[in-house]
Structures are given as C-alpha cells and as structure tokens.
Amino acid sequence: MAVCTMATMHAAVHHHHHPLLHVPPPPRHRARVVVRGAAGTTAATVTSEPDTFSNAFWDYNLLFRSQRAETSDPVQLRVVEGAIPADFPAGTYYLAGPGMFSDDHGSIVHPLDGHGYLRSFRFHPDHGVHYSARYVETAAKSEEKGDGASWRFTHRGPFSVLQGGHRVGNVKVMKNVANTSVLWWGGRLLCLWEGGMPYELDPNTLETIGPFDLLGLADEAAAAQGVFSMPPKRLLAHYKVDPKRNRLLMVACNAEDMLLPRANFTFYEFDAGFGLVQKREFVLPAHLMIHDWAFTDSHYVVLGNRIKLDIPGSALAMTGTYPMIGALQLDPSKETTPIYLLPRSTEALASGRDWTVPVEAPAQMWSMHVGNAFEEDLGRGGLDIRLHMSACSYEWFQFHRMFGYNWKNKKLDPTFMNAPRGKELLPRLVQYAVSEDRCNLVVLDARKIGKKSALVAKLQVPKHLTFPMGFHGFWADE
C-alpha cells in the first residue's frame, strides 16, 4: 500500500511520504473541516453553527497559539480511526515549525519569527506511534528564555515589531530560530532557517547539539556580520534531494543582495556524508528574492520574485516601529515572472546559452513553493522543462502583512493580509480550516488522496500537547 503521513497545512514532500498536519479548532463551536492538499480535497464533520468572521478570526489564531511545554518523554498516540497497516515502514516523521509567539512582557512576534519547535512521530511496527517535541536551543532562544520560566523577546526578527522590548536602535534583526524546515541526511538531523546556519539535533531525544557549519563559514561570518548580524551568505531553508545521484542540493544568497539590484546564488551539492561534490556560483543582474527553487538533471531553476527598496518603509523600519521586511516591496514594473535556468551539468554549462536572460512567464506572480521540475529531450538540441509551483498575485501580496501579522494591535488577523476592499482576491480559507482544539496525525493512501476512502488511520495527540501549525516536514526511514 502506498501511504503518506499528513500533518499541518503547510508541508513539503520528501522521499516516499506526503506530510500534512491537521491542526483543529476551538471547542466553542463545530465547523466544517476541509483539508486542502495539492492532490485534492477531503471533507469531514458537520456544521452545527455557521462560520462568522469572529469565529474565523479565533480559528486562525488557534493555529498559532504558543505551546510552552516540551514533550521530551515520548507519548504513545491513540488511533481513533482506521488502523496502521501491518506493513507500514518503521521510521520517523519530523515536523518543523514555530512554537512560541508571545512573551511575558507584551510582545507578539510574526509566525516566521517564532522559535523553532521540532516535533517527531516515531513509527514502530510492534510499539505503535510515539510523539515527542522540543524547542531548538538556538542562541536567540537561549537569550530570550534562558533557564527560567519567563520569556522576554529581545530580537526584532525580520518580520516583527517588539511591544515590550527595546525597539529604537535594536539591530538584532537576523533572528535564527531554526523553524522552517527539517532534514535527515548523512546521519545528522538538521533544522534550517532562511538566513543562518542549520542547527543539529539528536534524532532520538531531539536535544540540540548545536550549529552545524555546513558551508565552513563560521569564522568569516563572525568577522563580517555587520550592523544587522547578517551572515555573508544566507543559506536558504529549502533544500533538494537528488535520489538518482544520492545528493543533497542547497543554495545560498549573499547578504547584501537584499539591498542591491543584483542576485548572487551559490549552489552546493553534497554526497551522503556531506562531502562537497559540486559548487556553482551565479550572479544575476536583477533585484530578486527567492524562497524555494527547483532542479533538473541539467539545470537549477530559480523563480525570480522582483523586489525593490521601499524608502519610506526603510526609514520606519530603522526606528524599530515597523517590520524590517517593510524596507522592501514588490517591483511590479514588468508584467511577467522571470524564470532563470542556471546550468547544473557540464553539458549545460558548455552550451553557450546566456543563463542571465530569464524565460519570462506570461503572468506577474509571486512564487512561493515548487512541487516538482523535470525535463524532456525534444531532440535536435531542444529541451522541454516542466515546472509545478504555487504562486500568488502581486495585487494582494505584501511583505509586512504575511500571515495577517498586525503589529499595531498585536493580533494575527486573516483579514489584514487581504487586498484593499474591492480587490479581494484571497479566499477566506480560515472559515473551514479547523473544527476542534486538537492535533491529529493522519495517514492517507497516496493513491486515493482526494477521495473519501483515502483515510488509512488517524492518531490523536493529547489535548494538552496541542501544538501550533507546522511548516515543513521530513520522513526518515529507520
């Protein structure tokens, strides 16, 4: 049987399993639940009270409610529906994401600045499924929490505004919270973030071992961090695995690229023991920001999001009363999306093609995540590259409104990220996102996703261990 584990709304597919975690809503009402995945929609439960903007607001906020407790001693999960197949493989599903959003001094941070909270679901044929969760002990977490019970946010982070902490003159912007993705490779478990070193954790206990200097830049980073503590190279949180060559692919950008009309990309390929097999560097004459990317046998594929400096936003950001990300804005000067095909293989590098010239997709879209990319040889030197991606319109996307973070009233408001009235393009997804205040781990038959018969098993996380929405996950075979 082809199976996939699912755990919370935002997840990535790695190897054989499609993780997607379902975080449910408040007990105050029953709401219709629809889990939307890339392959279709699964509907459940019955509505006994109609959704309202108020209910939607609180449902959405429950997705980002802090979980201060750690679960260092594994807890066995109870199967509440279906059954785990006898031939289900032994292994662990790891889920990365933020766990802490509000401190004890009046500050609420953006979900992207929430401290990393790694969850694990260990499957064993004879002993069921056991759940555990721990915070990643980053340098920022040690400063803001320490060994005490109280939290005090001192780092601004790129997306947040502190309410109870030091704001004016606060240069602690690059807050590595190791909350974005998780990777098991070469015998190491790593948590990654968009702009700093990965952190290594023990795969069994989830104890933090420490930063993992994958690029060998620790000394250089310490000497050249600059005023906003930005490392010279920002390692992106999205990695790729090439199963054909058994390689790990990663990419880094230069720190100054955020402010300059050029983009530096360095692609690294590692073997199964983290030995560097290939490194290629590219400089593109454009002001770009990327979050995810893709690869084929012969190319690295970069979906360029055009940006530019926001001068008023920059001035406000320097005061600490406005998110630092507000110093940037979208550049809508071209009504297309640039897609750069950068040579990966020796043959592509020797082809003579000008890789600095992008393929212009006929729509102005902000690319978020890439599902897959592959190429087909058309003969006579032609190559057809297919790309599956998710994107959104420039018309409503704004950096400082992502996730509905409203720093002015210290709330996560789903209506705050919508377009101005009259141009509402974003559907009200939160109206059917949650139904009860509890987390479930769901196992689906991958061949039946989108059908009612897709559910194989549902396991219930104890209510007092309910955790916030996760970002990206990884399945590691035992």
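Residues numbered from 1 in each chain as written. Predicted model: local features only at pLDDT ≥ 70, side-chain atom pairs only at ≥ 80, totals over all residues. Heavy atoms only, no water.

### Quick look at the overall build of the protein
Right, on to step 1. Counting its secondary structure elements, the protein contains five helices and 32 strands.
Right, on to step 2. Within the protein, the fraction of its 478 residues that count as buried is 53%. (Helix = DSSP H or I, 4+ residues; strand = E, 2+ residues; numbered from the N terminus. Buried < 20%, exposed > 50% of the residue type's maximum accessible area, 1.4 Å probe, protein only.)

### Considerations on helix H1 (residues 53–62)
Right, on to step 1. Most of H1 sits out of view: seven of its 10 residues are buried.
Right, on to step 2. Within H1, the full set of buried residues consists of Asn55, Ala56, Phe57, Asp59, Tyr60, Asn61 and Leu62.

### Quick look at the nonpolar core
Right, on to step 1. One finds Leu118 and Leu248 to be the most contacted residues of the largest nonpolar core, which totals 31 residues.
Right, on to step 2. If you list the elements that add at least two residues to this core, you get strand E6 (91–96), strand E10 (181–185), strand E11 (188–192), strand E12 (199–201), strand E16 (247–254), strand E17 (263–270) and strand E32 (472–477).
Right, on to step 3. With four residues, E11 is the single largest residue contributor to this core.
Right, on to step 4. Formed by 27 residues, the second largest nonpolar core is a distinct cluster that contains Val161, Met258, Phe397 and Phe403. (Core = buried A, V, L, I, M, F, W, Y, C linked by side-chain atoms within 4.5 Å.)

### Observations regarding helix H4 (residues 311–319)
Right, on to step 1. Listing the buried residues of H4 in full gives Gly313, Ser314 and Ala317. An end-on view of H4 places all buried positions within 100° of arc, on one side of the element. H4 presents Ile311, Pro312 and Met318 as exposed residues on the side facing more than 90 degrees away from its buried surface.
Right, on to step 2. Where H4 begins, one side-chain oxygen reaches toward the backbone nitrogen of Gly313, 2.8 Å away; that side chain belongs to Asp310.
Right, on to step 3. Looking one or two places after H4, you find Gly320, whose phi comes out positive at around 85°. (Arc of directions from axis to C-beta. Polar contact = N/O pair within 3.5 Å; in protein donor to acceptor, adjacent residues only side chain to side chain.)

### Digging into the sheet that holds strand E21 (residues 299–303)
Adjacent strands of a sheet pair through backbone hydrogen bonds, lying either parallel or antiparallel.
Right, on to step 1. The strand order E20-E21-E24-E25 describes an open sheet built from four strands, whose pairing is antiparallel. Strands at the two margins of the open sheet, each flanked by one partner only, are strand E20 (294–295) and strand E25 (359–361).
Right, on to step 2. The pairing of strand E24 (residues 337–343) with E25 spans three bridges and is classified as antiparallel. Counterpart to Thr337 in the pairing with E25 is Ala361. (Pairing = 2+ DSSP bridges.)

### Some thoughts on the environment of Gln278
Right, on to step 1. The topology assignment puts Gln278 in strand E18 (residues 276–284).
Right, on to step 2. Put simply, Gln278 and Tyr268 are 10 residues apart on the chain and 5.9 Å apart in space, counted from C-alpha to C-alpha.
Right, on to step 3. With sequence-adjacent residues up to four places away left out, Gln278 is seen in contact with Phe267, Tyr268, Glu269, Tyr300 and Arg344.
Right, on to step 4. Only 3.0 Å separates the side chain of Gln278 from the side chain of Tyr300, close enough to count as a polar contact. (Contact = heavy atoms within 4.5 Å.)

### Comments concerning the sheet that holds E10
Right, on to step 1. Reading across the sheet, the four strands line up as E10-E11-E12-E13 and stay open at both edges, with antiparallel pairing between neighbours. The outermost strands of the open sheet, each flanked by one partner alone, are E10 and strand E13 (208–211). When the angles between neighbouring strand axes are averaged without regard to direction, this sheet yields 25°.
Right, on to step 2. Here E10 runs beside E11; their pairing, made up of five bridges, is antiparallel. When the bridges of E11 are listed, Ser181 appears paired with Leu192. (Axes fitted to C-alpha atoms, helices over the stretch in contact; angles between N-to-C directions.)

### Quick look at the environment of Ile108
Right, on to step 1. By the secondary structure assignment, Ile108 is in the loop between strand E7 (98–100) and strand E8 (115–124).
Right, on to step 2. For Ile108, a relative accessible area of 25% translates into the label partly exposed.
Right, on to step 3. With near-sequence residues (within four places) excluded, Ile108 lies in contact with Phe101, Ser102, Val161, Tyr405 and Lys410.

### Regarding the confidence of the model for the protein
Right, on to step 1. Across the protein, the average pLDDT comes to 81, with 81% of residues at 70 or higher.
Right, on to step 2. In the model, residues 1–48 has pLDDT below 50 throughout and makes 180 contacts with residues more than four positions away in sequence or in other chains.
Right, on to step 3. A low-confidence stretch, residues 421–433 (pLDDT under 50), is modelled with 24 contacts involving residues beyond four sequence positions or located in other chains. (pLDDT = per-residue confidence, 0-100.)

### Considerations on the packing of aromatic side chains
Right, on to step 1. Throughout the structure, instances matching the rule amount to 24 aromatic pairs.
Right, on to step 2. Just above the ring of Phe153 sits the side chain of Lys175; from NZ or CZ to the centre is 4.7 Å.
Right, on to step 3. We note Lys240 situated over the ring of Trp293; from NZ or CZ to the ring centre the distance is 5.9 Å. (Phe/Tyr/Trp six-rings, centres within 6.5 Å; stacked < 30°, edge-to-face > 60°. Lys NZ or Arg CZ within 6 Å of the ring centre and 35° of its normal.)

### Describing the pairing of E6
Right, on to step 1. The buried fraction of E6 is high, at six of six residues.
Right, on to step 2. One ladder, built from six bridges, connects E6 with E32; its direction is antiparallel. Counterpart to Gly91 in the pairing with E32 is Asp477.
Right, on to step 3. Of the strand pairs in this sheet, E6 and E8 are connected by five bridges, and their pairing is antiparallel. Residue pairing across strands places Tyr93 opposite Phe121, the latter belonging to E8.

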